[in-house]
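Listed below are the residues making up each chain.
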Amino acid sequence: MVDIPGSSDGPDPANEDTPESEPLVSCGFQDGTLYVHDDRIRIERPGRSKFPGKEIPPDDVRGVTYEGRLVISYLQVEQDGVENAEGGLLSTPVDENTLHFGRGKRDCAKQARDAIRDAADLW
């Protein structure tokens with residue numbers, strides 16, 4: 001999208017993180033961006049995604065799965081009231097709480113997993 005001067009009032013402040021709400025961890029994955037805050041987990045999806053973006057309160061998190069695979073890995077947030085998909089031998093789960101990434105994002109995904117566990121008190 002091209003920003004033409006005078007065509008808008010600028011970015012929407014409601015969609016920006018303020019300094020006091022900066023995420024503990026943020027990771028850009030293949031099918032969305034994950035932001036982990038003390039008080040929420042936020043998943044932003046691109047327009048082409050079949051899943052909408054969402055926020056998950058840490059109290060609703062019952063687990064988090066990090067699966068490092070040979071080609072495509074994934075991070076799946078297990079949430080009360082949401083049925084998670086399961087992957088197979090050669091496939092990964094695809095659902096509203098799963099994000100996929102390649103080898104270069106493994107460290108960020110592990111940091112996000114640990115931050116989610118901390119926020120949800122799952123240790």
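The shown structure was predicted, so the numbers you read here are calculated from the model rather than taken from an experiment. Each chain carries its own residue numbering, running from 1 in the direction its sequence is written. Whole-chain, interface and lining totals are the exception, using all residues; otherwise, since this is a predicted model, local features are given only for residues with pLDDT of at least 70 and side-chain atom pairs are given and counted only at 80 or more. Hydrogens and water molecules were not included; the side-chain quantities draw on all heavy atoms of the structure.

On to the environment of E67, then. Numbering of helices and strands runs from the N terminus, with a helix taken as a DSSP run of H or I at least four residues long and a strand as a DSSP run of E at least two residues long. Within the element layout of this structure, E67 appears in strand 5 (residues 61-67). In the structure, E67 is positioned 42 residues away from A109 in sequence and 9.5 Å away in space, judged by C-alpha atoms.

Moving on to the sheet that holds strand 6 (residues 73-79). We treat two strands as partners when DSSP finds at least two bridges between them. Read across the sheet, 3 strands follow the order 5-6-7 without closing on themselves; strand pairing throughout is antiparallel. Edge positions in the sheet fall to strand 5 and strand 7 (98-101), since each has one partner strand and no second. Strand-to-strand twist across the sheet, computed as the mean angle between neighbouring axes with direction ignored, equals 10°. Bridge count for strand 5 against strand 6 is 6 bridges, and the pairing is antiparallel. Its bridge partner being in strand 6, V61 is matched across the sheet by Q79. An axis is simply a line fitted to the C-alpha atoms; with a helix, the fit covers only the stretch in contact. Between two such axes, the angle follows the N-to-C directions and lies from 0 to 180 degrees.

We now examine the pattern of salt bridges. Any Lys or Arg side-chain nitrogen found within 4 Å of a carboxyl oxygen on Asp or Glu counts as a salt bridge. Counted by the stated rule, this structure contains 7 salt bridges. A salt bridge links E55 to R40; the shortest N-O distance between them is 3.5 Å. Taken as a pair, E55 in strand 4 (residues 54-56) and R40 in the loop between strand 2 (32-36) and strand 3 (41-44) lie far apart in primary sequence, 15 residues in all. What makes E55 partly exposed here is its relative accessible area of 46%. A 1.4 Å probe rolled over the protein chains alone gives each residue an accessible area, and that area as a share of the maximum for its type sets the label: buried under 20%, exposed over 50%, partly exposed in between. On the basis of relative accessibility, which here comes to 16%, the residue R40 falls in the buried class. What emerges from the salt-bridge pattern is a single network uniting D39, R40 and E55.

Take S73: it is sitting in strand 6. Under the rule applied, a polar contact is a pair of N or O atoms within 3.5 Å (in protein, one hydrogen donor and one hydrogen acceptor; residues adjacent in sequence only if both atoms are side-chain atoms). From its side chain, S73 meets the backbone nitrogen of R69 in a polar contact 2.8 Å long. Residues within four places of S73 in sequence aside, it is in contact with E67, G68, L99, H100, F101 and R106. The contact criterion used throughout is that any non-hydrogen atoms of two residues lie within 4.5 Å.

A separate point is the environment of K54. Following the sequence through the fold, K54 ends up in strand 4. Taking the C-alpha atoms as reference, K54 lies 8.3 Å from I41; in sequence the two are 13 residues apart. Sequence-distant contacts of K54, that is, excluding residues within four places in its chain, are made with I41, R42, I43, Q79, V82, E96 and N97. Among the polar contacts made by the side chain of K54, one reaches the side chain of Q79 at a distance of 2.8 Å. A polar contact of 2.8 Å, which involves the side chain of K54, links it to the side chain of N97.

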